Amino acid sequence: MERIGVVGCGLMGAGIAEVSARAGKDVVVVDYSQAAVDAGVLRIQKSLERAEERGKVRSADEVLKRIRVVDELDLLADRELVIEAIVEDEAAKVDLFRRLDEIVASKEAVLATNTSSIPIMKLAVATRRPSHVVGVHFFNPVPVLSLVELVPSLLTDPHTTERVRAFVQNDLGKHAVDCQDRAGFVVNALLIPFILSAVRMLESGFATAEDIDEALVRGAAHPQGPLALADLIGLDTTKAVAESLYEEFKEPLFAAPPLLARMVEAGLLGRKTGRGFYTY
């Protein structure tokens, strides 16, 4: 697969576009407004310049030439693989997959989702090609972290999964792990309840955010604490994943704590807004 499409040019979409272009692929990225397109181009450009400074890429300009950022979904018609990386909202993703099914011409093209928690089946059945729909969950920051979760639904053709595995491992140089189509997959099914426990500990007044995070860094050798990690992920995304887990399993510990819900309502989403559990 040489012609790659990405929908969404936020942190995840920009990262997926960057690593695909660094692998020599022809990449088209779609976002929904000119302002988002401009921001996406700048995000990719800055990331590539940092990579060039560190010797990770020979020429940022050469990689950028392989990326087009546009605001028209129809420009994905000739793509062989399209990866969705929009907001973690089930209704928005379902609508997008319906549209992609109409737009992407080749019936052998793969429609993939970077969802961190929504069951793949819900997106697959929105199309007329569920055998060619698969979950491909990257981790932030995409150019740095090597893991990708591969998540076929019950209707995904094994050949589809293997084609995407070859792209992820052979072309991008990532490490793929296989997951069943259950909310949260492997990493978030373990990670999000851990983060929610830290939020409850803070909410109860048991310890400060700084002490909770410092304890996990110094006592459990974590690279960063759970509350700082939630700020990096985005508190809105953390809450969305928690809601998907709770809807699927009905475990009380998967429910978003009130503090997390209030912070999202207030727009305190972490690093991307400058304030979450910490100020940036």
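This section reports on the structure supplied with the text. (Residues numbered from 1 in each chain as written. Predicted model: local features only at pLDDT ≥ 70, side-chain atom pairs only at ≥ 80, totals over all residues. Heavy atoms only, no water.)

Moving on: the pairing of strand 2 (residues 26-30). Of all 5 residues in strand 2, 4 are buried; the element is thus mostly enclosed. Bridge analysis of strand 1 (residues 3-7) against strand 2 gives 5 bridges, and the strand direction is parallel. In the sheet register, Gly5 faces strand 2, and the bridge partner there is Val28. For the crossover from strand 1 across helix 1 (residues 11-22) to strand 2, the handedness is right-handed. Looking at chain direction, strand 2 and strand 3 (residues 67-70) are connected through 4 bridges and run parallel. Looking across to strand 3, one finds that Val27 is bridged to Ile67. (Buried < 20%, exposed > 50% of the residue type's maximum accessible area, 1.4 Å probe, protein only. Helix = DSSP H or I, 4+ residues; strand = E, 2+ residues; numbered from the N terminus. Pairing = 2+ DSSP bridges. Right-handed = clockwise from strand over helix to strand, strands pointing away.)

A few words on the packing of aromatic side chains. This structure, assessed with the given rule, holds 1 aromatic pair. Ring plane angle 65° and centroid distance 5.9 Å describe the contact between Phe249 and Phe254, whose orientation is recorded as edge-to-face. On the accessibility criterion, Phe249 (37% relative accessible area) is partly exposed. (Phe/Tyr/Trp six-rings, centres within 6.5 Å; stacked < 30°, edge-to-face > 60°.)

Mapped onto the secondary structure, Lys93 falls in helix 4 (residues 90-103). Reaching out from Lys93, the side chain makes a polar contact with the backbone oxygen of Val87 at a distance of 3.5 Å. Beyond its immediate sequence surroundings of up to four residues, Lys93 is in contact with Glu84, Ile86, Val87, Glu88, Thr113, Thr115, Ile118 and Leu123. (Polar contact = N/O pair within 3.5 Å; in protein donor to acceptor, adjacent residues only side chain to side chain. Contact = heavy atoms within 4.5 Å.)

Turning to the pattern of salt bridges, a few remarks are in order. Under the definition given, this model contains 21 salt bridges. The salt bridge partner of Arg79 is Asp78, with a shortest N-O separation of 3.0 Å. For Asp78, a relative accessible area of 39% translates into the label partly exposed. Residue Lys93 pairs with Glu84 through a salt bridge whose shortest N-O separation is 2.3 Å. Across the pair, exposure class does not vary: Lys93 and Glu84 are buried alike. Here the salt bridges share partners, and the residues they tie into one network are Arg3, Asp26, Asp78, Arg79 and Glu80. (Salt bridge = Lys/Arg side-chain N within 4 Å of Asp/Glu carboxyl O.)

All right, on to a nonpolar patch on the surface then. On the surface, a cluster of nonpolar side chains totalling about 340 Å² of accessible area is made up of Val125, Leu154 and Leu155. Since its relative accessible area comes to 83%, Leu154 is described here as exposed. (Patch = residues over 30% accessible without salt bridge, like charges linked within 9 Å, V, L, I, M, F, W, Y side chains within 5 Å. Areas by Shrake-Rupley, 256 points an atom, 1.4 Å probe, with all protein chains shown as cover.)

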